[in-house]
Amino acid sequence: MNHATDFASENDLTLSLFGFEGDSIVDGPGLRCAIFTQGCPHACQGCHNPASHPFTGGQISTVSQLYTRIKSYPLCSGVTFSGGEPFCQAEALAALAQLLKADGLELAAYTGYTFEELLQGTPAQQKLLGMLNTLIDGRFELAQRDLTLRFRGSANQRILQVPQSLAAGTPVWETAPRWVGGGKP
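Computed from a predicted structure; not experimentally measured.

Each value, and the rule that gives it
- Residues numbered from 1 in each chain as written.
- Predicted model: local features only at pLDDT ≥ 70, side-chain atom pairs only at ≥ 80, totals over all residues.
- Heavy atoms only, no water.
- Core = buried A, V, L, I, M, F, W, Y, C linked by side-chain atoms within 4.5 Å.
- Buried < 20%, exposed > 50% of the residue type's maximum accessible area, 1.4 Å probe, protein only.
- Helix = DSSP H or I, 4+ residues; strand = E, 2+ residues; numbered from the N terminus.
- Contact = heavy atoms within 4.5 Å.
- Salt bridge = Lys/Arg side-chain N within 4 Å of Asp/Glu carboxyl O.

Novice: Account for the nonpolar core, with residues named and values stated.
Specialist: Judged by nonpolar contacts, the single largest core of 34 residues is most densely connected at Ile 70, Val 79, Phe 81 and Leu 132. Residue contributions to this core peak at 9 residues, all from helix 3 (residues 90–102). Those residues in contact with Ile 70 that lie beyond four places of it in its chain are Phe 20, Cys 33, Ile 35, Val 79, Leu 96, Leu 100 and Leu 105. Listed in part, the 7 residues of the second largest apolar core include Ala 108, Phe 151, Ile 159 and Val 180.

Novice: Give me the environment of Val 79: which residues, what numbers.
Specialist: Within the secondary structure layout, Val 79 lies in strand 4 (residues 78–82). Separated by 26 residues in the primary sequence, Val 79 and His 53 place their C-alpha atoms 21 Å from one another. Setting aside residues up to four positions removed in sequence, Val 79 forms contacts with Arg 32, Cys 33, Ile 35, Ile 70, Leu 100, Leu 105, Glu 106, Leu 107 and Ala 108.

Novice: Describe the pattern of salt bridges, with residues and values.
Specialist: Inspection of the entire model under this criterion finds 6 salt bridges. Of the charged contacts, one joins Glu 106 and Arg 32 as a salt bridge, the two residues approaching to 2.7 Å between their closest N and O atoms. Note that Glu 106 is positioned in strand 5 (residues 106–110) and Arg 32 in strand 2 (residues 32–37), a separation of 74 residues in sequence. For the pair Glu 106 and Arg 32, one class covers both residues: buried. Via salt bridges that share partners, Arg 32, Glu 106 and Arg 178 belong to a single interconnected network.

Dropping the structure here:
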């Protein structure tokens, strides 16, 4: 096995992007880069990115191109994967996450899947999950929409501490005020 070749091939994996925001303050705490993937199977009623649902279209980028783009934002303290549904492009995002994590960036993802569903997901989905610090999980439910929630759209969605959740084998809610604010979990 040639690790240099494997590393190069992982960086050549492609992603279909709906969008990219280099200076986001709404996709997690601090100044973050937010990556919006193209394609989502959930099609939640009231989704704030309905144009991201089709699996066709989007801007194609390699992992290495996206990594270079993120690194061009020197004040970026974290990266958030959103969508669309990032776990539909888990293999490429896991390769990107590995590079970003090695640089010390905090990694978060929004997903319509639940933590429990991802534990039973594909090996690539499980690998991506394992690279994250924080997961905002669950489909957006219009009937539970709550504009007072920090970094969530509906009350059924959870902000989870991924390493602790994986260690416990069950969801562990994030409690840090920087993620959840002073009031609601």
